[in-house]
Amino acid sequence: MKKVLQGFMAGALALSMVACSSPKEEVKEEVKEEVVEEVSEGTGVYKIFNTTGEKVTDLYIYEAGSEDKGENLAGEGMEDGAEIEAKYTAMSDATLVLEFTTESGETKKFETLHIEEAPICLLSEDTMTGATPIAFQVAE
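On a predicted model such as this, the values are computed, not experimentally measured, just so you know.

With that settled, consider the layout of surface pockets. Picture a little ball the size of a water molecule; that probe, rolled over the atoms, points out where space is still empty. As a volume, the largest pocket reaches approximately 180 Å³. Lining the largest pocket are 14 residues, with Thr 51, Cys 121, Leu 123, Ala 135 and Gln 137 sitting closest to its centre. Among the elements of the structure, strand E6 (117–123) and strand E7 (134–135) are those that each provide at least two residues to the lining of the largest pocket.

Here it is, written out as structure tokens:
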């Protein structure tokens, strides 16, 4: 009787292990698919307003840690009150740097920009209310 009970218990244990193993595999596959989707490529679209009070001579958006800043988005210069639309394509989890230099030679950086759609005001030293040289808002 003892051997029959042990056999029955061993069989039940084996059966429960098999039953539990296949849902775990399905869950693992679902998690893998979600991770792949989260790090897909995306395009950030930024409407940038110059509210510095002076001409912006250099404007760049580039990936954090990159030595190549890419194209100067200010072109020949971005007058005070001007606005441009900038696009940047990268992996959706990329961290970007927005860097600008004013005509007086002051360079400022915002180093935690992400792939998103956002209005951005470039701020002067006088209009900064915090530690960042930009504000996520439409210029008034």
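Here E6 lies mainly inside the structure; five of its seven residues are buried. Bridging between strand E1 (residues 41–51) and E6 involves seven bridges; their strand directions are parallel. In the sheet register, Tyr 46 faces E6, and the bridge partner there is Ala 118. Pairing of E6 with E7, which is carried by two bridges, proceeds in the antiparallel orientation. Within the sheet, the bridge partner assigned to Cys 121 lies in E7 and is Ala 135.

The rules behind these values
Residues numbered from 1 in each chain as written. Predicted model: local features only at pLDDT ≥ 70, side-chain atom pairs only at ≥ 80, totals over all residues. Heavy atoms only, no water. 1 Å grid on protein atoms, 1.4 Å probe; cavity = no way out; pocket = protein on both sides within 12 Å on 5 of 7 lines; lining within 4 Å. Points joined across faces, edges and corners; volume = space filled by probe spheres on them. Helix = DSSP H or I, 4+ residues; strand = E, 2+ residues; numbered from the N terminus. Buried < 20%, exposed > 50% of the residue type's maximum accessible area, 1.4 Å probe, protein only. Pairing = 2+ DSSP bridges.

Note that all results are geometric; they support no functional claim without further evidence.
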